[in-house]
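# Overview (structure and organization)
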Amino acid sequence: QVQLVESGGGLVQAGGSLRLSCAASTRTAGNSYMGWFRQSPGKEREFVARIWWSIGYTYYADSVKGRFTISSDVAKNTLYLQMNSLKPEDTAVYYCAAGAPMSTTRASDYRYWGQGTQVTVSS
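Residues numbered from 1 in each chain as written. Predicted model: local features only at pLDDT ≥ 70, side-chain atom pairs only at ≥ 80, totals over all residues. Heavy atoms only, no water.

## Observations concerning unusual backbone geometry
Defined as follows: The helix count covers DSSP runs of H or I at least four residues long, the strand count covers runs of E at least two residues long, and both are numbered beginning at the N terminus.
If you check the backbone angles, N77 has positive phi at about 50° while not being a glycine. Here N77 lies in the loop between β7 (68-73) and β8 (78-83). Positioned with a positive phi, S85 is a non-glycine residue whose angle comes to about 50°.

In structure tokens:
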């Protein structure tokens, strides 16, 4: 069982930046994927970005490409999401996910989830 704990959310003005962190309780399997998702009230959970844990290959949703950067620190078992040029439409609860055995954007393919951290972008 892998426990994930997100941190770094908060309130920021449009155009600002935030950095989310996700600490994993145990070593993440090298051949698996970790990712970030987000969910706004009344909307389905939405894929944001993923990373192949051991290799570092990344993939982004079109809505965040060029503004967000996903990265990992294998030694610290920690996943990051650097969010720049934030927009009001980025407002959501952001979730860290782990344990996907393939490259995927589907939430159902990720086995482990954090509790989420709120990101609010004011206009």
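## Structural notes on the packing of aromatic side chains
Each aromatic ring pair is characterised by the separation of its centres together with the angle its planes make. Spelled out, the test is: We call Phe, Tyr and Trp rings a pair once their centres come within 6.5 Å, taking the six-membered ring for Trp, and we label the pair stacked below 30 degrees between planes, edge-to-face above 60, and tilted otherwise. With a 1.4 Å probe rolled over the protein chains alone, any residue whose accessible area is under 20% of its type maximum counts as buried; one over 50% counts as exposed, and the rest are partly exposed. Lysine NZ or arginine CZ positioned within 6 Å of the ring centre and within 35 degrees of the ring normal marks a charge as sitting over the ring.
Counting across every chain of the model gives eight aromatic pairs. Plain terms: the ring middles of F37 and Y110 are 5.2 Å apart, the flat faces sit at 75° to each other, and that makes the pair edge-to-face. Separated by 73 residues along the polypeptide, F37 in strand β4 (residues 33-39) and Y110 in the loop between β9 (92-100) and β10 (112-113) bring together distant segments of the chain. Judged on exposure class, the residue F37 and its partner Y110 are both buried. An aromatic cluster is present here, built from F37, F47, Y59, Y95, Y110 and W113 joined pairwise through their rings. If you follow R19 out to its NZ or CZ, it ends over the ring of Y80, 4.0 Å from the centre.

## With respect to the sheet that holds strand β3 (residues 18-24)
Counted only if it meets this: Strand pairing requires that DSSP identify at least two bridges connecting the strands. Axis lines are fitted to C-alpha atoms, over the contacting stretch for helices. Their N-to-C directions set the angle, which ranges from 0 to 180 degrees.
Read from one edge to the other, the open sheet built from four strands follows the order β1-β3-β8-β7, with strand pairing classed as antiparallel. The open sheet has two edge strands with one neighbour each: β1 (4-7) and β7. When the angles between neighbouring strand axes are averaged without regard to direction, this sheet yields 15°.

## Describing the pairing of β4
Across the seven residues that make up β4, a large majority, six, are buried. In the sheet, β4 pairs with strand β5 (residues 46-52) via six bridges, with the strands oriented antiparallel. Along β5, the bridge assignment pairs R38 with E46. Linking two consecutive strands that pair antiparallel, namely β4 and β5, is a turn of six residues; a positive phi of about 80° is found at G42 within it.

## Some remarks on the nonpolar core
Defined as follows: Nine residue types can take part in a nonpolar core, namely buried Ala, Val, Leu, Ile, Met, Phe, Trp, Tyr and Cys, and a core is a set of them joined through side-chain atoms within 4.5 Å. Note on contacts: a residue pair qualifies if any of its non-hydrogen atoms lie within 4.5 Å across the two residues.
L4, M34, W36, L79, L81, M83 and Y94 are the most contacted members of the largest nonpolar core, which totals 35 residues. Elements represented by at least two residues in this core include exactly β3, β4, β5, β7, β8, β9 and β11 (117-122). In terms of residue count, β9 provides more of this core than any other element does, six residues in total. When near neighbours in sequence (up to four residues on either side) are disregarded, L79 contacts L20, S21, C22, M34, G35, W36, I51, W53, I70, S71, S72 and C96.

Interpretation in functional terms is not warranted from these geometric data alone.
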